[in-house]
2 protein chains.
Amino acid sequence: MSMTNNDLPVAARGRKRDPERDVAILEATIDLLAEVGYDGLSTAKVADRAQAGKGTLYRRWPTKTDLVLDAVAHMKAQQIDLEALPDTGSLRGDLLAMFRPQDGAKVDRILRAMAGVVSMISQVPGLADTGDYSIFEPWITANAVLMERAQARGEIPPTADIALAAQIIPSMAAYRALILRVAIDRDLLERLVEQVVLPALGESSFNPSPSQDGMGQDG
Amino acid sequence: MSMTNNDLPVAARGRKRDPERDVAILEATIDLLAEVGYDGLSTAKVADRAQAGKGTLYRRWPTKTDLVLDAVAHMKAQQIDLEALPDTGSLRGDLLAMFRPQDGAKVDRILRAMAGVVSMISQVPGLADTGDYSIFEPWITANAVLMERAQARGEIPPTADIALAAQIIPSMAAYRALILRVAIDRDLLERLVEQVVLPALGESSFNPSPSQDGMGQDG
DNA sequence: TAATTTCGATACCTAATAGTATCGGAACTG
DNA sequence: CAGTTCCGATACTATTAGGTATCGAAATTA
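(A) Spatial organisation of the overall build of chain A. Regarding its fold elements, chain A presents eleven helices and zero strands. Taken over 219 residues, chain A has a buried fraction of 47%. For chain A, restricting intrachain contacts to residue pairs at least 6 apart in sequence, the fraction spanning at least 24 positions comes to 68%. About 10,900 Å² of surface is accessible on chain A, with carbon and sulfur atoms providing 50% of the total.

(B) Structural context of the packing of aromatic side chains. For the structure shown, the criterion picks out four aromatic pairs over all chains. Across the ring face of Tyr38(A), the terminal group of Lys64(A) is positioned such that the distance to the ring centre comes to 4.6 Å.

(C) Highlighting the protein's contact with DNA strand C. Taken together, 25 residues lie around DNA strand C, and Arg21(A), Thr56(A), Arg59(A), Arg60(A) and Lys54(B) are the ones closest in. Considering the 4 Å shell around the protein, atoms of DNA strand C inside it are sugar or phosphate in 69% of instances. Residue Gln51(A) places a main-chain N or O atom 3.3 Å away from a phosphate oxygen belonging to DNA strand C. Within the contact set of DNA strand C, a phosphate oxygen lies 2.9 Å away from a backbone nitrogen or oxygen of Lys64(B). Those elements that place two or more of their residues in the surface near DNA strand C are α3 (54-60) of chain A together with α3 (54-60) of chain B.

(D) Structural view of the relation of the copies chain B and chain A. It takes a turn of 180° to lay chain B on chain A, together with a shift of 0.0 Å along the axis; the resulting RMSD is 0.2 Å. These values place the two chain copies in the arrangement generated by a two-fold rotation axis. Among all C-alpha atoms of chain B, that of Ser119(B) lies closest to the rotation axis, at 2.3 Å. Taken as a fraction of all interface residues of chain B, those also at the interface in chain A reach 97%, which identifies the copy contact as same-surface.

(E) Summary view of the interface of chain B and chain A. Each partner contributes residues to the interface: chain B has 39 residues there, and chain A has 39 residues. Note on chain B versus chain A: buried area summed over both sides is about 3,300 Å², and carbon and sulfur give 62% of it. Of all residues in chain B, Leu164(B), Tyr175(B) and Ile179(B) bury the most surface against chain A, accounting for 19% of the area lost on that side. Counting the contacts that link chain B with chain A gives two salt bridges. Between Asp161(B) and Arg191(A) there is a salt bridge whose closest N-O contact spans 2.9 Å.

(F) The protein's contact with DNA strand D, seen in detail. Lining the immediate surroundings of DNA strand D are 24 residues, of which Lys54(A), Lys64(A), Arg21(B), Thr56(B) and Arg60(B) lie closest. For DNA strand D, the fraction of atoms within 4 Å of the protein that belong to sugar or phosphate moieties is 69%. A distance of 3.0 Å is found between a phosphate oxygen of DNA strand D and a backbone nitrogen or oxygen belonging to Asp18(B). Of all the secondary-structure elements, those providing two or more residues to the surface near DNA strand D are α3 of chain A together with α3 of chain B. Looking at the surface near DNA strand D element by element, the count peaks at four residues for α3(B). Per-class residue counts for the surface near DNA strand D are three nonpolar, eight polar and 13 charged.

(G) Structural detail: the side chain of Ser119(B). Inspection of the secondary structure puts Ser119(B) in helix α6 (residues 104-121). According to the relative accessible area criterion, Ser119(B) is buried, its value standing at 3%. Separated by 2.6 Å, the side chain of Ser119(B) and the backbone oxygen of Gly116(B) make a polar contact. Those residues in contact with Ser119(B) that lie beyond four places of it in its chain are Ser119(A), Tyr38(B) and Asp39(B).

(H) A look at unusual backbone geometry. All names here are of chain A. With a phi angle near 55°, glutamine 51 is a residue other than glycine that sits in the positive phi range. Inspection of the secondary structure assignment puts glutamine 51 in the loop between α2 (43-49) and α3. A relative accessible area of 70% places glutamine 51 in the exposed class.

(I) Summary view of the packing of helix α1 (residues 19-40) of chain B against α6(B). Residues and elements named next belong to chain B. Closest axis-to-axis distance for the α1/α6 pair is 7 Å, and the angle between their directions is 60°. Taken together, α1 and α6 sit at an angle that is classed as oblique. Considering the relative orientation of α1 and α6, their crossing is left-handed. Here Glu27, Ile30, Asp31, Leu33, Ala34, Gly37, Tyr38 and Asp39 of α1 lie close against α6, whose contacting residues are Arg109, Arg112, Ala113, Gly116, Val117, Ser119 and Met120.

(J) View of the packing of helix α4 (residues 64-77) of chain A against helix α6 (residues 104-121) of chain A. All names here are of chain A. The N-to-C vectors of α4 and α6 enclose an angle of 150°; their axes lie 11 Å apart at closest approach. Two packed elements cross with a definite hand, and for α4 against α6 that hand is left-handed. Contact with α4, carried on its side by Thr65, Val68, Leu69, Val72 and Met75, involves Ile110, Ala113, Val117 and Met120 of α6 and no other residues of that element. Of the residues that constitute the contact of α4 with α6, the class distribution is eight nonpolar, one polar and no charged.

(K) The environment of Phe99(B), seen in detail. Residues and elements named next belong to chain B. Inspection of the secondary structure assignment puts phenylalanine 99 in the loop between α5 (91-97) and α6. As a C-alpha pair, phenylalanine 99 and aspartate 185 span 86 residues in sequence and 9.4 Å in three-dimensional space. For phenylalanine 99, the contacting residues outside a window of four places in its chain are Val107, Trp139, Ile184, Arg186 and Leu189.

Calculation rules
Residues numbered from 1 in each chain as written. Chains lettered and ligands numbered in written order. Predicted model: local features only at pLDDT ≥ 70, side-chain atom pairs only at ≥ 80, totals over all residues. Heavy atoms only, no water. Helix = DSSP H or I, 4+ residues; strand = E, 2+ residues; numbered from the N terminus. Buried < 20%, exposed > 50% of the residue type's maximum accessible area, 1.4 Å probe, protein only. Contact = heavy atoms within 4.5 Å. Areas by Shrake-Rupley, 256 points an atom, 1.4 Å probe, with all protein chains shown as cover. Phe/Tyr/Trp six-rings, centres within 6.5 Å; stacked < 30°, edge-to-face > 60°. Lys NZ or Arg CZ within 6 Å of the ring centre and 35° of its normal. Near = heavy atom within 4 Å. Polar contact = N/O pair within 3.5 Å; in protein donor to acceptor, adjacent residues only side chain to side chain. Least-squares fit on C-alpha atoms with pLDDT ≥ 70 in both. Buried area = accessible area lost by both parts, 1.4 Å probe. Salt bridge = Lys/Arg side-chain N within 4 Å of Asp/Glu carboxyl O. Nonpolar A, V, L, I, M, F, W, Y, C, P; charged D, E, K, R; others polar. Axes fitted to C-alpha atoms, helices over the stretch in contact; angles between N-to-C directions. Parallel < 35°, antiparallel > 145°, perpendicular 65-115°, else oblique. Left-handed = near helix turned anticlockwise from the far one by under 90°.

No statement about biological role is implied by the geometric values presented.
Shown next, in the form of structure tokens:
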């Protein structure tokens, strides 16, 4: 969605557009989005925080809405890499490894920014239909991938409702971030994994009596 | 929080304040909150929709923020009555009975209004600390009460993490309402109760052995 | 060097809106 | 009836903010 056009064989005289200004403006946008929300965010404040002129901003994005949507996409791109998911050998370990300890502040900023995005959805018509703005969707997808791997290992039964279980932790994170305005912590994450997600998948960790036939393997 | 003062022994001459205007304005506020969010909502639009003058509105609430907060409180008061919770005999039945079929449209309106409130939280400083705005909290409390009754009946073990399990359905509803903009449906509710909430409480519906003794009283 | 484009900064225009004031009329009280 | 308060409607003020235009300087190329 960036407006840098290096594809046309035009002469391209004059000073070159600085791509560093793009990221500075996008980062400032995410900061303000997390702090004051979509409506509290003004383009003047964004330009000010990014040490940029409003002209530089509007040369790149035609409207405030485009800017914010691009900022969310930029934020999303920095997030979960589906190619580099944890692989600890157990689903429990994988789910816990999704949360690195130093990520606390980062995750908090992202979730607060999502709270700012929520207010945009109510005001930009047709935006709710795309879903492009959601940072939770890749997270859910990553959880589903980890669960499918566990299923392939025989760690959880093939009847497990992965689509549902993969939503539990992100939806709880959304609730806390958007409503309670509190970040998820390690203790809660562990309780969710052990007492909610794994039992929902039929792994029942605290009631270990898989006396049925079959695939009672864990690792 | 209403401003009707019938408590002072003042002469009270002149035309009486019409309490019907209060509810008309509050309902119009909730409608617009659900449609366009906190910032998209203007006091002029509220007065227009309620067939009221702006003077009538500002005679009752000093600021737009006070109006919206009172509207949320009004919405909350119409909701879950902790004195009249369902009592079907089983936790599964109680949780499902919290959702009456005809409530679909109502619940949808409420959750959309909550999405509008989220944008207010980012802009009114100190609001996040109170939590008064949240419609989910009474819902969570109601779930916890139902679960405690089931625990007293011996239906779920005393070690069950009720505080956590009571949050699962409301947080999923919040995620869907705020991010996906889709209401929760009966099918999803049943899957959540059977596959997530009850297993999280250690009831393990697919491994039914409640052979413990029990103190089957509720109150 | 000369032309061109981007840069940060800032003045400017215009639309929307929170909140106030006023008006004619209706309801209530003494 | 007279005084008072509420009512819907509407005009008004002041502020905020999205977006545009301009300026001098820096960068880039011919």
